[in-house]
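# Structural description and commentary
What follows is the residue order along each chain.
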Amino acid sequence: MSEKKHTTTSGIEIKALYTEAKPMEERPGEFPFTRGIQKDMYRGRLWTMRQYAGFSTAEESNKRYHYLLAQGTTGLSVAFDLPTQIGYDSDHEMADGEVGKVGVAIDSLKDIEILFDGIGLKDITTSMTINATASILLAMYIALAKKQGADLKQISGTIQNDILKEYAARGTYIYPPKPSMRLITDIFEFCSKELPKWNTISISGYHIREAGSTAVQELAFTLANGKTYLKAALDKGLDINVFAKRLSFFFNCHNNFFEEIAKFRAARRMWAKITRDLGATDEKAQMLRFHTQTGGSTLTAQQPLNNVIRVSNQAMAAILGGTQSLHTNGYDEALSLPTESAAKIALRTQQIIAFESGVTDTVDPLAGSFFVESLTDDVEAAAWAYIDRIDAMGGSVNAIESDYMQNEIAGAAYQYQKEIENGERISVGVNKFTQKEEGLTEVFNIDDSIRKLQAEKLDHLKSTRDQVAVEQSLKQLREAAKGNTNLMPLIIDAVEKYATLGEIANVFRDVFGVY
């Protein structure tokens, strides 16, 4: 009887025993950064502990932010509701039933002012998960920073701003790829001069993985998209040694502990080579910096407290893999937005790893492991094979427009689900070790009254703002969108006049069209 074959989620075969590895001459903080981007890693500074939060109104989300900051969160991470993500004001018919449900509703600068009430933007870093409307939300954040008297050259944070993965995996795009890429490169150019500490894009594998990809596909498609953004910025005449320092990445962390660690180590090595090949000579422009979120799709509605263990496992893998910031999911997120108690346990998970586990005492503690080094090489080789195929198609935009990435992700998702349903892959509490369900006593609910509240706020805004100034600002933005002027200063002007997110997005819909 032959021994059962063991593989990672990407199909990489795992041997029963590893007895050798190549010599480890590389040191942390040195090209190609397999062992981490800092010489002392967490001995010098822990990762940023972020908790992704946003729900209902700006007022309610502001309360959660103050709570998280009081509990020891060191950076904010904003979730926006679906209408905000796809450029509709809360009173638009397309927003019906979705206002405030999966994130906070933001219709204008007024909402951003409430969202960060009592929080100095100069004192925190903020990550905003926003893509199609990233330019508008960044403009609102800049406008608030100016009102607070902050030095724009000192404020720091990240906008996701990764539209390519929206076409490939997530779906919250508005405009066709080419004008969407223009908005992104306008942000690159503007921030390189005005907000030099701001991360202008978080190239995201997270949603690729949530859509069902393997670890290797997540890595390959994310880095292929990164190459496309690099080339677009180079075509605009930007200096790779400047703008590449402000690119960051956003990865998922799933259950296969060692494959995830190998993925993170391989990612740094691959990105260092990609940036160098495109002309980067400054080591900081060659470094892959990344945020990690534990795997939302791994959470189960059955026996939800089991998710505490899943999240702990994933968080440990992300830290051993060298992440720069981390969000840990609440155990109840397969059922609802996280309750306050679940969010606190998720944050405590990070703090216990940081201060009690000892894994932060030395840099890259798994380096030299026969298994980890071999698996890192295997993951890298499999990811390069995908990137070579995408390059042969002419890059990510062509690969997306031909449905190549989408089909590869769909195939992997189908295979994974088939393995769950036939019992080849065990999911504890789902297809094995099941029990009669006991529901959670507390689940977070958002009711539909939020839309009425937001609509009333919009009516009041429009009745009190300078309508002539708004219309003039939107007219100037429309004319600029028809040309090739950088749009960011005009978007900032429009939000400062209290033009709404939907009004600005509609200007672009009229000029660019809808995809």
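Relevant structure appears above.
The rules behind these values
Per chain, residues are indexed from 1 in the order of the written sequence. Owing to the predicted nature of the model, reporting of local features is limited to residues with pLDDT of at least 70; listing and counting of side-chain atom pairs is limited to 80 or more, with chain, interface and lining totals taken over all residues. Hydrogens and water molecules were not included; the side-chain quantities draw on all heavy atoms of the structure. By the criteria applied, helices consist of DSSP H or I runs no shorter than four residues and strands consist of E runs no shorter than two, each listed in order from the N terminus. Only protein chains enter the calculation, and the probe is 1.4 Å; a residue is then buried if its accessible area is under 20% of its type maximum, exposed if over 50%, and partly exposed in between. Buried Ala, Val, Leu, Ile, Met, Phe, Trp, Tyr and Cys residues form a nonpolar core when they are joined through side-chain atoms within 4.5 Å. Note on aromatic pairs: the rings of Phe, Tyr and Trp (six-membered ring only in Trp) are paired at centre separations within 6.5 Å, and the planes decide the class, stacked below 30 degrees, edge-to-face beyond 60, tilted for the rest. Expected span of a helix: the number of residues minus one, times 1.5 Å. Residue contacts are defined here by distance: any two heavy atoms, one from each residue, within 4.5 Å place the two residues in contact. Between any two strands, pairing holds if DSSP finds at least two bridges. Salt-bridge detection follows one rule: a side-chain nitrogen of Lys or Arg within 4 Å of a carboxyl oxygen of Asp or Glu.

### What to know about the environment of L17
Its location among the elements puts L17 in the segment before β1 (48-53). Owing to a relative accessible area of 62%, L17 belongs among the exposed residues under this scheme. Between the alpha carbons of L17 and T298 there is a distance of 28 Å; along the sequence they are 281 residues apart.

### Comments concerning the nonpolar core
A general trend in soluble globular proteins is that nonpolar side chains are found buried together. Judged by nonpolar contacts, the single largest core of 129 residues is most densely connected at I504 and F508. No other element matches the 11 residues that helix α4 (residues 134-147) contributes to this core.

### Re the packing of aromatic side chains
What the rule picks out here adds up to 23 aromatic pairs. Aromatic side chains Y175 and F512 sit 5.8 Å apart centroid to centroid with 80 degrees between the ring planes, which places their arrangement in the edge-to-face category. One end of the pair, Y175, is in the loop between α5 (164-170) and α6 (177-194); the other, F512, is in helix α20 (residues 501-512), with 337 residues separating them in the sequence. For the pair shown, Y175 and F512 are each scored as buried.

### Examining helix α8 (residues 215-235)
Given 3.6 residues per helical turn, the α-helix brings residues three or four places apart onto the same face. End to end, α8 covers 30 Å across 21 residues, agreeing with the expected 30 Å (1.5 Å per residue, within 8%). Along α8, 18 of the 21 residues are buried, which leaves the element largely enclosed by surrounding structure. Two residues or fewer after α8 comes G237, characterised by a positive phi angle close to 90 degrees.

### Here we look at the environment of A215
Here A215 lies in helix α8. Through-space distance from the C-alpha of A215 to that of N252 is 8.7 Å; in sequence the pair is 37 residues apart. Non-local contacts of A215, meaning those with residues more than four positions away in its chain, are made with T9, S10, R209, E259, E260 and K263.

### Here's the deal with the side chain of T228
Its place among the elements puts T228 in helix α8. Take T228: its relative accessible area is 15%, and that puts it in the buried class. Among all residues touching T228, those that are not within four sequence positions of it are L164, M181, S396 and V397.

### Quick look at the pairing of strand β6 (residues 201-204)
The alternating pattern of β6 places I201 and I203 on one face and S202 and S204 on the opposite face, and all of these are buried. In this sheet, strand β7 (residues 247-253) lies alongside β6 in parallel orientation, the contact comprising four bridges. Bridging across to β7, I201 finds its partner in L247.

### Topic: helix α19 (residues 488-496)
Turning to α19, its buried residues are M488, L490, I491, I492, A494 and V495. Positioned one or two residues after α19, Y498 has a phi angle of 70 degrees, which is positive.

### Focus: the pattern of salt bridges
Counted by the stated rule, this structure contains 29 salt bridges. Among the salt bridges present, the one from K122 reaches D123, with a minimum N-O distance of 3.1 Å. You can call K122 exposed: its relative accessible area is 58%. Of the charged contacts in the structure, one is a salt bridge between E260 and R209, with a shortest N-O distance of 3.0 Å. Of this pair, E260 sits in helix α10 (residues 257-277) while R209 sits in helix α7 (residues 206-210), and the two are 51 residues apart along the sequence. Of the two residues examined, E260 and R209, each falls in the buried class. Bridged by salt links that share partners, the residues R35, R265, D364 and E373 form one connected network.

### Section: unusual backbone geometry
In the segment running from F31 into P32, the intervening peptide bond is cis, with an omega of 5 degrees. In the Ramachandran plot, F33 falls in the positive-phi region, its phi being about 70 degrees despite a non-glycine side chain. Along the chain, the position of F33 falls in the segment before β1. Of the residues examined, F33 reaches a relative accessible area of 0% and is grouped as buried.

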